[in-house]
Amino acid sequence: MKILTAWLRKYLTDLSADDFQLAEDMTLRGIAVEGIHDLGTGNGSLFEMDITTNRVDAMNHYGIAREAATIYGLRLVPLDFPLPEAKPTALPFSVRIEAHDACGRFTARVLRDVSILSGPAITAAGPISAQMAGYFALLGQKSISNAVDASNFAWLAMGQPTHAFDLDKIEGGIVVRRARKGEKVRTLDGVERALDPEDLIIADHVKPLGLAGVMGGWETMITPETRNVLVEAAWFDPVAVRRTARRHGLHTDASHRFERGADINSAPLASAIVSAIILEGGGYVEGELVDVVVPAIRARTADRAAIPLALGEVHRLLGTTVDPEGITSATVEGVLSALGCGLTADGHDRWEVTLPSWRLDLEREIDLIEEVARVYGYNRFANTLPAFSGAVIELGASAANAVMRRGLLAAGFHEAISSTFTSAADVVLYAPQPGLVVPLGNPLSEEAGVMRPSLTPGMVTMIAGNLHRDIADVRLFELGTVFSGSTEKVDERPSLAIGAAGKVAQAGPHQAVRDFDFYDLKGVVEQLVSRFQARSVYFDNFAQGGLALGLTPEWLHPCRAARVVVEGTTMGWFGQLHPRIAAERKLKDLVFVGELYLDRLFALPLRKAAVREISRFQPVRRDFSLMVPNRVQWAEIDAALGEVRVPELIDWSPREIYREYQGSSKSGHEYSLLLGVTFQAADRTLRDEELQEFSKSIVEAVSAAGARLRS
């Protein structure tokens, strides 16, 4: 918003501060001056101001002057535009408000035998017109005619929109009402608009004349031939104006102010300003001002209940960072009185504060205290931190979360955060229990209508977003919360999502690369689970004959996925994203994702790091050639070996696995497994007799799991 300092100073007595000091002091009080332009000797400066939407009272020169008068303790020059005595009329002009919920006040003044002036004739019309023309030139405001310029002058001066009608084109009188079905109006921009029954309009007894609070109509527009004028100044409901303006795609100076809440008491003064300027070019007033008010709206805008305020509460809320002697009863009374409030004191530093009609943003005691602090100066408060007598309490799962985060970062993954909301379609696909979801009461869109029951849809979206932007290698994880239940009872649980796609560099002298695969992700999951104390950990997905058990969700590839089971409890799933979903997302690369239920995993204690001396004695490796039934998976053999009570058994792993293709002449119900084990003692070299006993224990363990030595 543009403000002229020369215009401001007309409303202030004895303002000694220069324009730069004024700009700084205003900005410190929340009325931000973002730019200052010198307009030359005698013209002052032009302020570029940023006024917050709740301070519509300061969106004009008089409102800014009121702020300056409050800051410096100056007298504010009252606005006074006397009019010549009105000529009597037999009947007052007819004004009727039918939309009592949307129009709180409507004033109408009839001016007859006026002259519509333009150009230099406006400046010569009189002192107010000349002053107006000078201000408009400095502001870069286009001059149209004395009637239109007068309306613009009124809202620039004191913030009240007005409108001038060609009186001779009004039939019968003014009616403020809702539009009727099928009605149309041609607005001042020349566009014929079909009206909605919810539109608030100004009409005469025959036709619509304009959109109330937004834009006037073409038919009653002021022209050089106009001789009789009706000056309108009114108050319209912010919601009604906003809806009408948006329906018709309009945003005008008038709608900008009405949408934010105009001053219902300013209409008569605004009417006088416009009338005084027009009458400088000739003409007279016919009849008294017609002023129609809706009492219910006036009661909730201008005649609001007084607010109690206590000096003790001012000191309590502003704290000890400001000297209590600096904000006294006189300070409070001086600030609030200068802002337009009325104060009735009880003699004990308490007041009943009556609110000004132009400050609709003041509603509670805390608002008044904020005004006192703002005008007193936030820069006068000491810079201190809030007092805190407690202690930082670590959340129960913080250590486990830190372990997971460090492990994933060390594995080359980057932490990401996705939206807490998801779509109903994703719920059907990814939710563990689609029937137990939490819908939003007022969703932002269909794509964000449900609280996420899984982190996987967000992870898939983030991976797809990276791949579609030519990020070749993607490694992401998210530690977040998932939701289930209903709107009445929402259950929250921590979860971990992992996602990867792209290439992996292989160890070796040539640094060869290959595609990230299922076993890479499995290795990451194994590393994470190994940080917790668990005796039984296995991965499954298939039963006898390689038939899928359906233990993994449908969003994973049926043959390249696994369930994670720790201590007999399902901890989650991981694997390749199902090709169908990948195709829907237009993903050409193989994508691997997984999700772990952290509430279940965190129920296990963390594994404590143990340090031991490396044995100086030679390890002994032995291989066992086994025949294993197809129904027996490596996890079962691994678990059986973990139960072997041989302290010298330090490592075991499958060296080779050989299966015949299904349907071949040699295929059967078994596969070949070469098991490698390592023995090592910390205090001695192992003897052959000991190794034979150890091997016997190994054979017994794998036999119990269903395997046998190859003959």
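Coordinates for the structure precede this section.
A quick note: this is a predicted structure, and the numbers were derived from the prediction, not measured.

A. A look at the sheet that holds strand β31 (residues 649-658). Spatially, β31-β32-β30-β33 is the arrangement adopted by the 4 strands of the open sheet, whose pairing is antiparallel. Bordering the open sheet on either side are β31 and β33 (708-709), each of which pairs with just one other strand. Two elements, strand β30 (residues 620-629) and β33, share 2 bridges in a ladder whose sense is antiparallel. The residue bridging Met627 from the neighbouring strand is Arg708, located in β33. Sitting on the sheet, helix α20 (residues 634-642) touches β30, β31 and β32 (670-679), and the angle it makes with β31 is about 160 degrees. Relative to the sheet, helix α21 (residues 688-704) contacts β30, β31, β32 and β33, its axis offset from that of β30 by approximately 20 degrees.

B. Examining the environment of Phe413 more closely. As for its placement among the helices and strands, Phe413 is situated in the loop between α14 (398-410) and β18 (414-415). Judged by relative accessible area, Phe413 falls into the buried class, the value being 2%. As for Phe413 and Phe477, which are separated by 64 residues in sequence, their C-alpha atoms are 6.5 Å apart. Once residues within four sequence positions are removed from consideration, Phe413 is found in contact with Leu408, Arg475, Leu476, Phe477, Ile498, Gly499, Ala500 and Val524.

C. Seen up close, the nonpolar core. By size, the foremost hydrophobic cluster in this structure holds 60 residues, and its most contacted members are Trp7, Ile64, Phe153 and Ile278. Non-local contacts of Ile278, meaning those with residues more than four positions away in its chain, are made with Leu111, Val114, Asn146, Ala147, Ala150, Val229 and Val231. Residues Cys103, Leu230, Phe236 and Val290 belong to the second largest nonpolar core, which totals 42 residues.

D. Spotlight on the pattern of salt bridges. Scanning the entire structure with this criterion turns up 39 salt bridges. A salt bridge links Asp204 to Lys207; the nearest nitrogen and oxygen atoms lie 2.6 Å apart. Note on accessibility: Asp204 and Lys207 belong to one class, buried. Asp517 is paired through a salt bridge with Arg514; the nearest N and O atoms lie 3.6 Å apart. Asp517 gets classed as partly exposed once you look at its relative accessible area, which sits at 27%. Look at Arg514 and you get partly exposed, because its relative accessible area is 27%.

E. Just the sheet that holds strand β22 (residues 474-485), in detail. Within the open sheet, the 7 strands sit side by side as β18-β22-β23-β29-β28-β27-β26. Their pairing is mixed. Both outer strands of the open sheet, β18 and β26 (537-540), are each paired with one neighbouring strand and no more. In this sheet, strand β29 (residues 591-597) lies alongside strand β28 (residues 569-577) in antiparallel orientation, the contact comprising 5 bridges. Across the sheet, residue Phe574 finds its bridge partner in β29, namely Gly594. Across the face of the sheet, helix α16 (residues 456-467) comes into contact with β22, β23 (490-501), β28 and β29 while running at roughly 150 degrees to β22.

F. A look at the packing of helix α12 (residues 329-338) against helix α13 (residues 365-376). Running from amino to carboxyl end, α12 crosses α13 at an angle of 95 degrees, the nearest separation of the two axes being 10 Å. With respect to their mutual orientation, α12 and α13 come out roughly perpendicular. Here Thr331, Val332, Val335 and Leu336 of α12 lie close against α13, whose contacting residues are Leu368, Glu371, Val372, Val375 and Tyr376. Class assignment of the residues belonging to the contact of α12 with α13 gives a composition of 7 nonpolar, 1 polar and 1 charged.

G. Local environment of the packing of α20 against α21. Close contact between α20 and α21 brings their axes to 9 Å; oriented N to C, the two are set at 140 degrees. The orientation of α20 with respect to α21, classified from their angle, is oblique. As for the relative orientation of α20 and α21, their crossing is right-handed in sense. For the pair α20 and α21, the contacting residues are Ile637, Ala640 and Leu641 in the first and Ile698, Ala701 and Val702 in the second.

H. Layout of the pairing of strand β2 (residues 32-38). Bridge count between β2 and strand β3 (residues 45-50): 6 bridges; the pairing is antiparallel. Paired with Val33 across the bridge in β3 is Met49. The hairpin turn running from β2 into β3, its antiparallel successor, is 6 residues long, and Gly40 in that turn takes a positive phi close to 100 degrees.

I. Representation of the pairing of strand β17 (residues 350-354) within the structure. Side chains Trp351 and Val353 of β17 all project onto a buried face; the interleaved residues Arg350, Glu352 and Thr354 project onto a face where none is buried. In the sheet, strand β15 (residues 307-310) pairs with β17 via 4 bridges, with the strands oriented antiparallel. Opposite Leu309, over in β17, you have Trp351 as the bridge partner. The pairing of strand β16 (residues 342-345) with β17 spans 4 bridges and is antiparallel. Note that in β17 the partner of Leu343 across the bridge is Val353. Hairpin connection of β16 to β17: 4 residues between the antiparallel strands, including Gly347 at a positive phi of 90 degrees.

About the cut-offs
Residues numbered from 1 in each chain as written. Predicted model: local features only at pLDDT ≥ 70, side-chain atom pairs only at ≥ 80, totals over all residues. Heavy atoms only, no water. Pairing = 2+ DSSP bridges. Helix = DSSP H or I, 4+ residues; strand = E, 2+ residues; numbered from the N terminus. Contact = heavy atoms within 4.5 Å. Axes fitted to C-alpha atoms, helices over the stretch in contact; angles between N-to-C directions. Buried < 20%, exposed > 50% of the residue type's maximum accessible area, 1.4 Å probe, protein only. Core = buried A, V, L, I, M, F, W, Y, C linked by side-chain atoms within 4.5 Å. Salt bridge = Lys/Arg side-chain N within 4 Å of Asp/Glu carboxyl O. Parallel < 35°, antiparallel > 145°, perpendicular 65-115°, else oblique. Nonpolar A, V, L, I, M, F, W, Y, C, P; charged D, E, K, R; others polar. Left-handed = near helix turned anticlockwise from the far one by under 90°.

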